[in-house]
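The residues making up each chain are set out below.
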Amino acid sequence: MLNEWIPVSFSDQVKSILSVTTLSRDIILWNYAGRILAFNDLCPHRSAKLSLGKVIDGEIECPYHGWRFDHNGELVLVPSLGKKINVKLTKYNTLEKYGIVWISISHELHEIPFVSEWEKEDFRKIRCGPYVINANPFRVMENLMDVSHFPFVHSNYLGDPKFPQIPEYEVEKNYRGEIIAKNILVWQPNPDGTTNGRFFNYTYKVLTPFVLYFKKEDKGNVFSMLFAVNPVSKDKSIVYAWIFMNYAHQVDPESIRKFEDEIINQDKKVLESQPKEYYLDLRKEISVKADKLSIFYRRMLRERLGVMPELGLTE
Ligand code: FES
Ligand SMILES: [Fe+2]
């Protein structure tokens, strides 16, 4: 069983019913009087997609033969029979946090990660994505926690090819099972528009196999981000993201968002060229010191998920 909360949509995208895919399964999200519910998007009669149906009197009507289901997933009417029979849809747990709908297919869950900036008034919050990337979800996560690609993939944005070295940094696992990497130093060419390059100090936290956080701090200015990755399948990922900043309150959010869009676009090209598998066996690919965080990530995946062929997670 997968004991993780999985992000499947921004909350406000679920106006009535919405079809989403995660872990290679189709799921119907249903905004039922403000509460978001999730069921298998498959009618038990002849397997039509319920999300193509409509909501009538607080019930979902299948588009094919009109079978009706209530908010508990219970079948309440078979029109051709004129009554109901005893059938129930598979229901998933749902939760809303960070303006994102999370679902779970298990009952013994790890907690939803905590990000303090979300609660803080002095931080502006800029929503980014969803970004659809045709790449393996674990490779997407790995990319998001990797700074040694900055000078090459994000040259003159986040890094400078003249300063590609990454000094050794510390990584540890905390009592919640999260991975924390501190004091990662990255040379940034033009961090604040003054065109004075300097080293920036990053902290990364792998909060769950599908949720990542990072923060960079400079003289009290904090820039941090939360990324939640929907593992749609072994070759497709959707990233939901937030930027948190306690400065630059006057800057147009659209321009900040565009910058992030550009960064993700640069990553996309490389990510989509990689294999759709991700290897738990560390010997399958060669790692160096700068990859310390991603090595810890692979260990986390081994402990918390194990082999998952449907997501391309292999030995
Ligand atoms: S397939 Fe849904 S009612 Fe027949
Ligand atoms: Fe990147």
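In this text the structure is predicted, and so the values were computed from the model without any measurement. (Residues numbered from 1 in each chain as written. Chains lettered and ligands numbered in written order. Predicted model: local features only at pLDDT ≥ 70, side-chain atom pairs only at ≥ 80, totals over all residues.)

**Comments concerning the pairing of strand S15 (residues 211–218)**
Right, on to step 1. In this sheet, S15 lies alongside strand S14 (residues 198–208) in antiparallel orientation, the contact comprising seven bridges. Across the sheet, Tyr202 pairs through a bridge with Lys216, a residue of S15.
Right, on to step 2. Summarising the sheet, S15 and strand S16 (residues 221–233) pair through eight bridges and their orientation is antiparallel. Among the inter-strand pairings, Tyr213 is bridged to a residue of S16, identified as Leu226.
Right, on to step 3. Between S15 and S16, which pair antiparallel one after the other, the connecting turn spans two residues, and Lys219 there sits at a positive phi close to 45 degrees. (Pairing = 2+ DSSP bridges. Helix = DSSP H or I, 4+ residues; strand = E, 2+ residues; numbered from the N terminus.)

**Describing the sheet that holds S16**
Right, on to step 1. Across the sheet, which stays open at both edges, the seven strands sit in the order S11-S17-S16-S15-S14-S13-S12 with antiparallel pairing between neighbours. This sheet does not close on itself; its edge strands, each paired only once, are strand S11 (124–133) and strand S12 (170–173). Strand after strand, the sheet turns through a mean of 20 degrees between neighbouring axes, direction not considered.
Right, on to step 2. Both S11 and strand S17 (residues 236–245) contribute to a ladder of eight bridges, which runs antiparallel. Its bridge partner being in S17, Arg124 is matched across the sheet by Met245.
Right, on to step 3. Here helix H1 (residues 137–144) sits on the sheet in contact with S11, S15, S16 and S17, set at roughly 170 degrees to S16.
Right, on to step 4. Contacts from helix H4 (residues 292–304) reach S12, strand S13 (179–188) and S14 within the one sheet, and its direction differs from that of S13 by about 155 degrees. (Axes fitted to C-alpha atoms, helices over the stretch in contact; angles between N-to-C directions. Contact = placed C-beta atoms within 7 Å.)

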